[in-house]
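Read off the chains here:
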Amino acid sequence: MIMCADVIEVNDDSLLVRDIRTQQEVIVNTPCVCRLDAGDRIRIVYNGAMTNSLPPQISSRRIFKISSQCI
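Parameters and conventions
Residues numbered from 1 in each chain as written. Predicted model: local features only at pLDDT ≥ 70, side-chain atom pairs only at ≥ 80, totals over all residues. Heavy atoms only, no water. Helix = DSSP H or I, 4+ residues; strand = E, 2+ residues; numbered from the N terminus. Rg over C-alpha atoms; globule rule 2.2 N^0.38 Å. Buried < 20%, exposed > 50% of the residue type's maximum accessible area, 1.4 Å probe, protein only. Contact = heavy atoms within 4.5 Å. Pairing = 2+ DSSP bridges. Salt bridge = Lys/Arg side-chain N within 4 Å of Asp/Glu carboxyl O. Axes fitted to C-alpha atoms, helices over the stretch in contact; angles between N-to-C directions. Core = buried A, V, L, I, M, F, W, Y, C linked by side-chain atoms within 4.5 Å.

J.: Would you mind going over the overall build of the protein chain with me for this structure?
T.: For the protein chain, the count of helices and strands is 0 helices and 5 strands. Going from the N terminus to the C terminus, the protein chain shows its helices and strands as β-β-β-β-β. Taking 2.2 N^0.38 as the reference for a compact globule, 71 residues should give roughly 11 Å; the C-alpha atoms of the protein chain span a radius of gyration of 11 Å, in line with that estimate. In terms of overall dimensions, the protein chain has C-alpha extents of about 30 × 25 × 20 Å along its principal axes. The proportion of buried residues among the 71 residues of the protein chain is 31%. Residue pairs at least 24 apart in sequence account for 47% of intrachain contacts in the protein chain once pairs closer than 6 positions are excluded.

Structure follows, in C-alpha cells:
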C-alpha cells in the first residue's frame, strides 16, 4: 500500500505524519529518517498493516520525498 503524508515530527527511528487523504496522524516506524524534516511531503510504501493504537502505527518498506502534489 501507499500513503501520502506530511511529516509532523522526526524522531530517531520513527516519523509522526498526517495522512493527506484521511488527515489522520500516523506513526511510521522506519530505520532511516536522516534526510527528512517536519513539513516535508512523503510517499510511504508499507505492507498495509496498521495498529489500532492511538495514533496508529505502520512500518515502512520505502519512503520517498515528493513535491506538493501526491498521485
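After presenting the structure, the write-up continues.
J.: I'm lost on the pairing of strand β2 (residues 14-19) in this one. Help?
T.: In the case of a regular strand, side chains alternate between the two sheet surfaces. Where burial is concerned, most of β2 is hidden: 5 out of the 6 residues are buried. As paired strands, strand β1 (residues 2-10) and β2 are joined by 5 bridges and run antiparallel to one another. Bridge assignment links E9 to a residue of β2, and that residue is L16. Where β2 meets strand β3 (residues 25-29), 5 bridges bridge the pair, whose relative direction is antiparallel. Paired with L15 across the strands is V28, a residue of β3.

J.: Explain the pattern of salt bridges here, please?
T.: Between side chains of opposite charge, a pair can form when the charged atoms approach closely. Taken as a whole, this structure holds 3 salt bridges when the rule is applied. The shortest N-O distance in the salt bridge between E25 and R18 comes to 2.9 Å. Overall, the relative accessible area of 31% leaves R18 in the partly exposed class.

J.: Sorry if this is basic, but what is going on with the side chain of S14 here?
T.: Tracing the chain through its elements places S14 in strand β2. Judged by its relative accessible area of 10%, S14 falls in the buried class. Discounting chain neighbours no more than four positions away, the residues touching S14 are E9, I27, V28, N29, T30 and V33.

J.: Sorry if this is basic, but what is going on with the sheet that holds β2 here?
T.: Strands pair in a sheet through their backbones, by hydrogen bonds, and they do so in one of two ways: parallel or antiparallel. Strand order around the closed barrel formed by 5 strands is β1-β2-β3-β5-β4, with mixed pairing between neighbours. When strand polarity is set aside, the average angle formed by the axes of neighbouring strands in this sheet is 55°.

J.: Where do I start with the nonpolar core in this structure?
T.: Where a protein is soluble and globular, its nonpolar side chains tend to be buried together. With 13 residues, the main nonpolar core has M3, L15, V17, I42, I44 and I58 as its most contacted residues. For I42, the contacting residues outside a window of four places in its chain are M3, C4, A5, V7, L15, V17, L36, I63, F64, K65 and I66.

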